[in-house]
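# Report on the structure
One-letter residues, chain by chain:
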Amino acid sequence: MPLFFSDFDSEKRAFVNPDEIVRQQAGFPEIAVSTFSGDIIDDYVKACNPSEIARFYTANGSLPVYQAEYKGNRIALFVSRVGAPACVAGLEEVIAMGARKIVLFGCCGVLNEAATKGKIILPVSAVRDEGTSQYYFPYSEEINMDKKSLEIAENFLSESKIPFVCGKVWTSDAIYRETPKLIAKRKGQGCLGVEMECAASIAVARFRNVSFLQFLFGADNLDCEEYDMRDLILYGRNAGNKYLSVAFECGIRL
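What comes next concerns the included structure. Since this is a predicted model, take the numbers as computed values, not measurements.

The next subject is the overall build of the protein. Secondary structure summary: the protein contains eight helices and 10 strands in total. Its C-alpha atoms give the protein principal-axis dimensions of about 50 × 50 × 35 Å. For the protein, the residues scored as buried account for 52% of the 254 residues in total. A separation threshold of at least 6 residues defines the contact pool for the protein, and within that pool the share at least 24 residues apart is 75%. Carbon and sulfur atoms provide 52% of the accessible area of the protein, an area that totals close to 12,500 Å².

Here's what the structure looks like:
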């Protein structure tokens, strides 16, 4: 029986297309920044009062797209939904609106505590243990982040003396099926963390020919004898301003 990813189709036009659901907007920011933490976005909105320039609509409700202003640059700012299919749908629509440079950030489960503690994680590649990326890029076990985007992030973080580490991540569809056996396997492959969107986000950016960068920060710890939730429930809110600044700086450099 053939595997589902054997049906990859490189045809750009599908039966339903994002530019038929949302329309390109004149003057829409070329740079877009997104995170999975609604609290980080809400804190920014309360502090800076950005204007709302668009909305995403789903059965789960609507989400605003704001226009942030940073060092003279206009940046589209929005929450991405968790999970590869929902995240990619949002990326597709913001690209259709006019975004050409995207920075995405969020937390991950730590698989290598010694290497990642206190550091931003820059994924150089993602193990494709999810389904969405298979519809955007031919099958391979891993998919690589764009080298130019990585270099931009590395240079900025180095100049700013912000600790970081580069390495693989594991993109999974099932947070409650990260078994000890699979964790050991992915750690053996060199994965620093586990998350749910990176592989698919890289794939859609390649497919739509837009610049893309993702960075992560450790939350819960899987590199231990028993699961340690740590500050997972904060989803990065305690350092939200720092992560937003990193995302904005990388976005204007892409």
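Next up on the list: the pairing of strand 2 (residues 51-58). The pairing of strand 2 with strand 3 (residues 61-70) spans seven bridges and is classified as antiparallel. The residue of strand 3 that forms the bridge with Thr58 is Gly61. Between strand 2 and strand 3, which pair antiparallel and follow one another directly, the connecting turn spans two residues.

Before going further, it helps to spend a moment on the environment of Ser160. Assignment of secondary structure puts Ser160 in the loop between helix 5 (147-159) and strand 8 (164-172). Relative accessible area serves as the criterion here: at 32%, Ser160 is assigned to the partly exposed category. Distance in space between the C-alpha atoms of Ser160 and Val246 is 9.5 Å, their sequence separation being 86 residues.

The next subject is the packing of helix 3 (residues 84-97) against helix 7 (residues 198-208). Between helix 3 and helix 7, whose axes approach to 9 Å, the crossing angle comes to 30°. With respect to each other, helix 3 and helix 7 are oriented roughly parallel. Considering only the axes of helix 3 and helix 7, their crossing is right-handed. Along the contact surface, helix 3 presents Ala84, Cys87, Val88, Leu91, Glu92 and Ile95, while helix 7 presents Ala200, Ser201, Val204 and Arg208. Looking at the contact of helix 3 with helix 7, its residues break down into seven nonpolar, one polar and two charged.

In this section: helix 7. The element helix 7 is extensively covered by neighbouring structure, given that nine of its 11 residues are classed as buried. Residues of helix 7 that are buried include every one of Cys198, Ala199, Ala200, Ser201, Ile202, Ala203, Val204, Ala205 and Phe207, and no others. After helix 7 finishes, the residue Asn209 shows a positive phi value of roughly 60°.

Under the definition given, this model contains 10 salt bridges. In this structure, Arg13 engages Glu20 in a salt bridge whose closest nitrogen and oxygen atoms are separated by 3.6 Å. By relative accessible area, Arg13 is classed as partly exposed at 44%. A residue is classified by how much of its surface remains accessible, and Glu20, at 41% relative accessible area, is partly exposed. Lys187 is the salt-bridge partner of Asp223, the closest N and O atoms lying 2.8 Å from each other. Within this pair, whereas Asp223 is found in the loop between strand 10 (211-221) and helix 8 (240-253), its partner Lys187 is found in helix 6 (residues 180-188), the two being separated by 36 residues in sequence. A relative accessible area of 26% means that Asp223 is categorised as partly exposed. A network of salt bridges, in which partner residues are shared, links Arg13, Asp19 and Glu20.

We now examine the packing of aromatic side chains. Both the distance between ring centres and the angle between the ring planes are used here to describe each pair of aromatic rings. Using the criterion set out here, one finds eight aromatic pairs in the structure. Measuring from centroid to centroid gives 5.3 Å for Phe56 and Phe78, while their planes differ by 75°, and the two rings are edge-to-face. Highlighted residues: Phe56 in strand 2 and Phe78 in strand 4 (residues 73-79), separated in sequence by 22 residues. An angle of 50° between the planes, with centres 6.4 Å apart, marks the rings of Phe215 and Tyr243 as tilted. Taken as a pair, Phe215 in strand 10 and Tyr243 in helix 8 lie far apart in primary sequence, 28 residues in all. An aromatic cluster is present here, built from Phe105, Phe215, Phe217 and Tyr243 joined pairwise through their rings.

Reading the values: the criteria
Residues numbered from 1 in each chain as written. Predicted model: local features only at pLDDT ≥ 70, side-chain atom pairs only at ≥ 80, totals over all residues. Heavy atoms only, no water. Helix = DSSP H or I, 4+ residues; strand = E, 2+ residues; numbered from the N terminus. Buried < 20%, exposed > 50% of the residue type's maximum accessible area, 1.4 Å probe, protein only. Contact = heavy atoms within 4.5 Å. Areas by Shrake-Rupley, 256 points an atom, 1.4 Å probe, with all protein chains shown as cover. Pairing = 2+ DSSP bridges. Axes fitted to C-alpha atoms, helices over the stretch in contact; angles between N-to-C directions. Parallel < 35°, antiparallel > 145°, perpendicular 65-115°, else oblique. Left-handed = near helix turned anticlockwise from the far one by under 90°. Nonpolar A, V, L, I, M, F, W, Y, C, P; charged D, E, K, R; others polar. Salt bridge = Lys/Arg side-chain N within 4 Å of Asp/Glu carboxyl O. Phe/Tyr/Trp six-rings, centres within 6.5 Å; stacked < 30°, edge-to-face > 60°.

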